[in-house]
Amino acid sequence: MHSSEQKVIVEMTVNGALYQREIEPRTLLVEFIREELGLTGTHIGCDTSYCGACSIVLDGLLIKSCTTLAVQADGGVVETVEGLEKDGALHPLQSAFSEHHGLQCGYCTPGMLMAAKTLLEENPQPDRDQICKGIAGNVCRCTGYVNIIKAVDAAAKTMQES
Amino acid sequence: MYPAPFNYHRPQSLEAAIGLLSRYGDDASIMAGGQSLIPMLKMRVGEMTELIDIRKLSDLDHIEQRGQTLHIGALATHARIASAEVANQIPLLRECGGGIADRQVRNMGTIGGGVSVADPSGDWPTGLAVLDAQLLLTGLSGTRLVSISDFIVDAYTTCLESCELVTEIQIPVPPAGSGSAYVAFKRAAPAYPTASAGIQLTVKDNICTAARLALGAAAPVAVVCRDAEALLLGKEITTELLESAAEAIVAVAEPPPDARGSEAFKRAMLRKLVVEAGQRALGRCRGEDVSGAHHYA
């Protein structure tokens with residue numbers, strides 16, 4: 001059995017703040033965000049790249065942080081669910097999820113929000129089918145998809161108006 | 001789940017990456033997007049102590065047409081290929097790349113990684129077999145071009161030498177009057193296909209002058225069948241003709257019965273997918289704006 005003592009320094013901007021840590025290269029990005037930075041909004045669901053609870057944004061792209069090494073985000077810009085709220089005001093998506101009961105147990109919600117955020121950036125007026133495709137990598141085990149879709153649709157309309 | 005400990009390398013050039021491969025041999029793994037490799041490392045499949053991260057190597061993520069050949073750098077992601085302007089003339093690329101897993105995986109995963117993993121259910125090996133793609137491999141002694149069918153020799157097995165990696169995928173741009181399609185049946189977006197079929201047809205004066213067919217998740221490697229393609233040549237493509245070609249290619253497939261379905265179920269599914277892909281491709285040969293997506297359980 002091989003053992004490695006290698007540690008590497010990684011530096012990344014997370015929700016606007018710059019962080020530097022010395023870590024084992026095998027550290028997953030989701031563990032880095034949760035354990036090293038204490039940002040526990042990003043959840044670990046299946047831990048196998050299936051459920052999307054760990055979805056975050058890296059350099060503008062939605063990714064699964066359980067299937068990304070922290071070293072892959074070295075020098076990068078990361079956005080997590082904690083970055084959605086601005087100056088004490090909820091993001092329109094967060095307000096819409098609250099208003100339309102787009103969450104039940106809430107476990108999938110951080111990933112759903114990040115998926116919805118990037119979807120609306122790419123396509124500000126998605127139809128129902130495009131919303132479904134946009135969250136196809138995110139599983140809700142409460143099966144609350146109907147209200148999640150309603151919430152994303154409502155947020156899209158709010159964001160268009162403002 | 002954590003991968004076992006490893007040493008991390010991020011070479012700044014292709015030459016440096018190949019140098020590391022030659023230094024560490026079988027102890028090393030190349031990582032592009034990591035979307036197949038990281039799950040395997042977390043499951044502790046295989047032994048690897050040196051990880052060579054090439055994701056950010058420049059000059060390996062191009063998508064461009066030169067002459068009648070499309071050149072796709074090994075590090076081009078599925079998402080970028082699916083939305084690339086040049087992919088419009090080969091709809092199969094859009095459907096193959098745009099149907100892999102979900103947005104998250106498509107943003108990180110690369111075509112070079114997808115072919116190098118050589119998963120029997122992978123989308124690119126099947127799609128690229130339809131397109132007669134050639135892979136440019138780069139190693140210590142230079143480069144060589146290998147067809148996709150020679151590249152993948154068995155499930156999870158390629159002809160890559162220990163110091164070699166895939167650097168580019170080359171695809172001939174089909175002549176006018178061509179159309180292609182790729183359709184998969186999947187249990188859910190993040191899952192590998194249960195079955196998939198790709199096709200490219202060229203039609204002139206209503207007569208089929210070229211045809212390529214391939215099946216995925218239907219054998220250890222992509223299934224091709226020249227006899228099935230020959231059934232289409234020189235004829236006007238009809239649903240009945242597509243059904244006979246589907247029958248012929250599915251007859252040489254060996255879909256494994258597993259949790260995704262029985263052998264009989266998969267054969268029936270494959271036949272249906274071939275016909276559907278064929279109809280989509282035919283519409284595109286005629287210049288129709290045909291949209292379509294994979295089927296999800």
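Notes on the structure follow.

Definitions and cut-offs
Residues numbered from 1 in each chain as written. Chains lettered and ligands numbered in written order. Predicted model: local features only at pLDDT ≥ 70, side-chain atom pairs only at ≥ 80, totals over all residues. Heavy atoms only, no water. Contact = heavy atoms within 4.5 Å. Buried area = accessible area lost by both parts, 1.4 Å probe. Salt bridge = Lys/Arg side-chain N within 4 Å of Asp/Glu carboxyl O. Polar contact = N/O pair within 3.5 Å; in protein donor to acceptor, adjacent residues only side chain to side chain. Pairing = 2+ DSSP bridges. Helix = DSSP H or I, 4+ residues; strand = E, 2+ residues; numbered from the N terminus. Axes fitted to C-alpha atoms, helices over the stretch in contact; angles between N-to-C directions.

1. What about the interface of chain B and chain A?
Here's step 1: Contact with chain B, which involves 34 residues of that partner, is made by 38 residues of chain A.
Here's step 2: Both sides of the chain B and chain A interface together cover about 3,000 Å² of buried area, and 55% of this is carbon and sulfur.
Here's step 3: For the chain B face of the interface with chain A, the top three residues by lost area are Pro-5, Arg-103 and Gln-104 of chain B, together amounting to 23%.
Here's step 4: At the junction of chain B and chain A, the tally comes to four salt bridges.
Here's step 5: With its nearest N and O atoms 3.2 Å apart, the salt bridge here joins Asp-74 of chain A to Arg-10 of chain B.
Here's step 6: Taken together, chain B and chain A are joined by 17 residue pairs in polar contact (both at pLDDT 80 or more).

2. Some remarks on the sheet that holds strand 14 (residues 295-296) of chain B
All names here are of chain B.
Here's step 1: Taken together, four strands build an open sheet; the order of strands is 13-12-11-14 and the sheet is mixed. What marks the edges here is a single partner per strand, and that holds for strand 13 (207-216) and strand 14.
Here's step 2: The pairing of strand 12 (residues 193-204) with strand 13 spans nine bridges and is classified as antiparallel. Each residue of the ladder has a partner; that of Gln-200, found in strand 13, is Arg-212.
Here's step 3: Against the sheet, helix 7 (residues 123-130) contacts strand 11 (178-186), strand 12 and strand 13, and its axis sits at roughly 160° relative to strand 13.
Here's step 4: Against the sheet, helix 10 (residues 239-251) contacts strand 12 and strand 13, and its axis sits at roughly 40° relative to strand 13.

3. Some thoughts on the sheet that holds strand 2 (residues 28-31) of chain B
Each strand in a sheet pairs with its neighbour through backbone hydrogen bonds, running either in the same direction (parallel) or in the opposite one (antiparallel).
All names here are of chain B.
Here's step 1: The parallel open sheet is built from three strands, whose spatial order is 1-3-2. At either margin of the open sheet sits one strand with a lone partner, and together these are strand 1 (7-9) and strand 2. When the angles between neighbouring strand axes are averaged without regard to direction, this sheet yields 25°.
Here's step 2: Note: strand 2 against strand 3 (residues 50-53), four bridges, orientation parallel. When the bridges of strand 3 are listed, Met-31 appears paired with Asp-53.
Here's step 3: The strands touched by helix 1 (residues 14-24) are strand 1, strand 2 and strand 3; relative to strand 3, the strand with the most contacts, the crossing angle is about 165°.

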